[in-house]
Every structure is written in structure tokens, then in C-alpha cells.
Amino acid sequence: MNASLPPSPAAEPAGLSAAGRAPLGTLLRPGWRARFWRAAALLPAALFLLTVLSPPLNHDVAAVLNFTERWIAGERLYSQLIDVNPPLIFVLNLIPGYLAEFTPLDGVNALLFCLVALAGLCWWLSLRLRDGMAEGPVETAALAALVPLVLVLPGYDFGQREVLMATVAIPYAVLAARRMLELPTSRGMTFGVTLLAALGFALKPHFLGVPLLVEAAVLLRPLALGGFARGAWRRAAAGLKDPVPWTMAAIWLLYLASIPLFFPDFFGHVVPLVWDYYVDLGGLSAFSTLLTDQMGPATLLLAMVSSLCLMLRFGPLVLALWAAMAGAFLSAWVQHKGWTYHVAPVFMLGGLTAGVMAARWLDGALPAGRARAAAPAIAAAMSAALFLVMVRGGEAPLREINFEDAKGGRLTAWLREHAWNERLLVLTPDIWPIYPALNYAHSQSTLRFMNLWLLQGVNRVCPENGERYRQPWEMSRAEFFVYRTVAEDFAAAPPSAVLVTRHVGIPWCGKEFDFIEYFSRHPLFAEAFRNYRQQGEIEGYKLYIRED
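Residues numbered from 1 in each chain as written. Predicted model: local features only at pLDDT ≥ 70, side-chain atom pairs only at ≥ 80, totals over all residues. Heavy atoms only, no water.

A word on the pairing of strand β5 (residues 541-546). One face of the sheet, then the other: side chains in a regular strand alternate in exactly this way. As defined by bridge partners, strand β3 (residues 497-501) adjoins β5 across 5 bridges and the pair is classed as antiparallel. By the bridge assignment for β5, Val500 is matched with Lys542. Of the strand pairs in this sheet, strand β4 (residues 532-538) and β5 are connected by 6 bridges, and their pairing is antiparallel. When the bridges of β5 are listed, Gln534 appears paired with Tyr544. Hairpin remark: β4 followed by β5, antiparallel, with 2 residues in the connecting loop; positive phi at Glu539, about 50 degrees. (Pairing = 2+ DSSP bridges. Helix = DSSP H or I, 4+ residues; strand = E, 2+ residues; numbered from the N terminus.)

Laid out in C-alpha cells, this is it:
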């Protein structure tokens, strides 16, 4: 008997057989595959760029911009506009302030334009400074992806002085690496990067630790490599003739000398207030600072990067970035706050340092051809990993996505409806969400301070008289200054509205501290406030509108 034969399998279309099936990644030509991964590596930076361009603008950045706009309008800095920040940040904010005066851009958009332009400039400078420096294919791809990403990585804190410092520290670190390698750099490029770095480090005295450690690395590297031999000492001594640190020092001295000349009230009036009432306001101990939600991860990151740098040699660029990261960490630590923007430079510089270290290791571990082929994909993976690490609860981009429905967005919409382009007396110790709500409503505060932090500082303990408020003759000079100037300014030029908070942040002493009740004890304030009626309340803020 002839057994029946099994049916023949249906023929597969050409190209779809198991043997002919190709992995998805090979469907692209090698050139297109590399372009795809390069684009993917830049995608996290593009997403963070959209985040920093979206509202809300950082509250401190918005407050400084608002003060600068009032300065441009004619109020005097440090006499009519009193703030703890040294003058350089206000001087730099004159650029977007005047840009808003003479272009269709408003203040917020002019500032964002300037900040993005600065980030782009530092990206370009870093790229130019890398010319002639030996790099493996993975390192080149990693730097192309990570530098633009870390420049916008702070998200909501974009524009803070710490972020500006870290931004200019990146090309400064690359320049330091060139100086260690003794590579020639044009005078124009050297001076331009040095000037940017000097201005960035001068924004706060805490920042000077960054150039101190970087310059120490430049000076001492020959000794570390040469084992303290005579030739190494000669090379180190030659580093003392390097014009970069001396140029920065000259710029800092000129800036310091200009402050009493152009802003005499800063040292005479503001610094004593800061020393007496602001420095310890809300501060932590040195050890407690390290245990905060922000400083804890920053400490671990620094420890991991430092241990690897001490065990292995990764070259001058990693050394310069590591020194800058360590200086940024010290800057955050000595401020005893542990806030997000304080540690932002640690994550910016630390993320870049770790990425370059990993790239250099891979360049040495992989065969040259394989490293060249895999470099774009590796860079994309590094960029994605850093992106995912920095996307954390409550911060970018979640803060921006939820802004309209959050407290700041609701207050902004309320002020736009009831106080658009108006003058307001704002009685609150808050910076957020008052700023940037005032900026988006094109409104101006009439208070001489950004907020009432000074009243918080002088009322940390209950009055000795047993009453809720001190009598004018019992007040310190600082408290009486606030009490008198708020009342006199309010009566002399009554604003269109008064915005008052319920949450004063002052200890309970028999009853809550009430700003309206406090200032109404002054007859000028009480008389002027009679013309105001409460319009409504939102998120703990009461709005009073002038009736006449």
C-alpha cells in the first residue's frame, strides 16, 4: 500500500522565510542607523528644552526679573528695591529687561530667550574647545548627547544662579583640560570663556570653590603624573603664569570694587540685614543638610564618581569636570538649605562626568570597529538613562504639565482676571507662587522687598510684652523700617489692589500674626486701607480692590 503523503507546506513569499528574516535594527542602512541613534540621543535634551520653555518660570528667577523691571522703571536698587542678592544678577537681568522694553517680547519670554542663548553659546564653546583633544568614538558620541542635555537638565530650576554657574563651568572645564594637555587655544576663545566663567562664579561667593578646585587640579596634575620630580615641579611652576586664573581674579576684584561705587546701600544697608536675619532663616546644620532629599543623592553621586576617579585615570577632562562637581557640592553644602537648585550643578556636572568616564572605559574595552559602530546607540542609552534618573516626582516635567491646575496656575489665572497690568501691595513671606504669577499677569509689586522675609526674621520669637505685636518703640530698627515704609509707601501711592496671605510663617503667640492688622496700627496705612474691599480669596490669598 502506498501511504498518503503529508500535504506540502504553503510556499512563503520571497524574503519572508525564517532564514531571510532580518532583525529590525538591520532594516536600516548603517548610515541611517547611526543618524537614527544620534537623533534618539538628542531627544531627551529636546524634551527638557520644551520643559524649560513651558510655564511656570522658576519663582526666584521670576522675582529677580520683576525687581529688574522695576529698576528699569526708575526705582533705585537697594534703597527702594531691597534684596539679599548681590547686584550682578540684577545687572545681567538688564539684558532681557531692556529686550522686553524695545521688542514685542514680554519680560518672561525675553529672559527665556537669553537663557537658552547662553546655553547654546556654552554648548558651542564646549564643542569648539574639544578640537584637537583625543577622543574615542564613544566619548565623542556621548559628549554630543550629554552636553546639551545637562544644560537644560535642571528643568524648573532653569535660570537659577546655581544653574547659570554650572552652565558656564562646562566650557571652563573643557578649557582647563586643554590647559592640562598644553594644547594651544586662541586668545579670543580663552578670554571669552574666562570672562563667562568669572561672571558665573561671581554670582554668589559660595561658587568660588569651583574655580579654586579646578585651578588646583590644573596646577597639581604635573606633580601627580611626574611623582614630584624636578621636571614636574617646573611644569607646575609654569602653570602659575597661566593668565586664566589671574584674569578671573582681576574681574572679581573689579566687580567687588564697583559695588560700593555704584550700589553703596548694598554693603551699608542690605548686608547687615542679611547677616542678622536672613542667613539662619530656615537653615539646617551641616550634617542635617546632607540627609535632605536632594543633598543625600548628590552626596552619593559625588562619592561614587570620586572613588572611580581616585582608582582609575580617565584623563584631564574628567579631572576638570570632577573638580567642578566637587566645588559645586561644597557650594550647595555651605548654604545649609539643600534645596533643588542648590544641588542642580552637582547633578549637571556629575551626570556629565559619569557619562564621560563610562564612555572612556568603553572606548578602551571595545575593539575599535565595534566601538565606532556602537557609539551612537551607547550615547542614546546614556542620554535616556540620565533623563530617567532626573525625572522624579513633583519636578520637571510633571510640574509644568500640571501647572494650570496647581496652586500657581490658579493664582496666575485669578490675577490675570482681576489685576492685569496693575500695581499691587503684596503682603506675604512667599516667593512661590506670587512669582511668577505677577510676571504672567504683567503686574508689579509695590513692596520694597520681594516678600516679607524680614518680618519673619524679626518675629522668630514672641514679643516680650506678652502682646501679639511689638509697639513701634519696642521694634528693632529693621522691623520699624518695614513697618514704616510699607505704611508710608502705601499711603503716598495707593496701588490698585492688595494681596494678602493667611499663611504668614510666623510663630503663634496667643493668636495668628495678621499682616493687615499689624500694619493697620499705623495711621497712614489704616486711613488708606479704608478704600479697599475684599474681592475674593483663592489658595489662602485674599485680594482687596481699591474702590475709588
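Overall, the coordinates contain 14 salt bridges when judged by the stated rule. Taking the shortest distance from any N to any O, the salt bridge between Glu75 and Arg70 comes out at 3.0 Å. Residue classification places Arg70 among the buried positions, given a relative accessible area of 2%. Beyond isolated ion pairs, a larger network of salt bridges with shared partners links Arg179, Glu215 and Asp242. (Salt bridge = Lys/Arg side-chain N within 4 Å of Asp/Glu carboxyl O. Buried < 20%, exposed > 50% of the residue type's maximum accessible area, 1.4 Å probe, protein only.)

Right, let's talk about helix α18 (residues 407-418) for a bit. Helix length check: α18 (12 residues) gives 17 Å between terminal C-alpha atoms against 16 Å at 1.5 Å per residue, within 8%. All buried positions along α18 are accounted for by Gly408, Gly409, Leu411, Thr412, Trp414 and Leu415. The secondary structure elements touched by the buried residues of α18 are β1 (423-427), α19 (434-440), β3, β4 and β5. (Expected span 1.5 Å × (residues − 1). Contact = heavy atoms within 4.5 Å.)

Here we come to the environment of Arg221. Turning to its location among the elements, Arg221 is positioned in helix α8 (residues 209-226). Looking at Arg221, the relative accessible area reads 17%, which means it is buried. Along the backbone, Arg221 and Leu319 are 98 residues apart, and their C-alpha atoms lie at a distance of 9.1 Å. Once residues within four sequence positions are removed from consideration, Arg221 is found in contact with Met180, Pro316 and Leu319.

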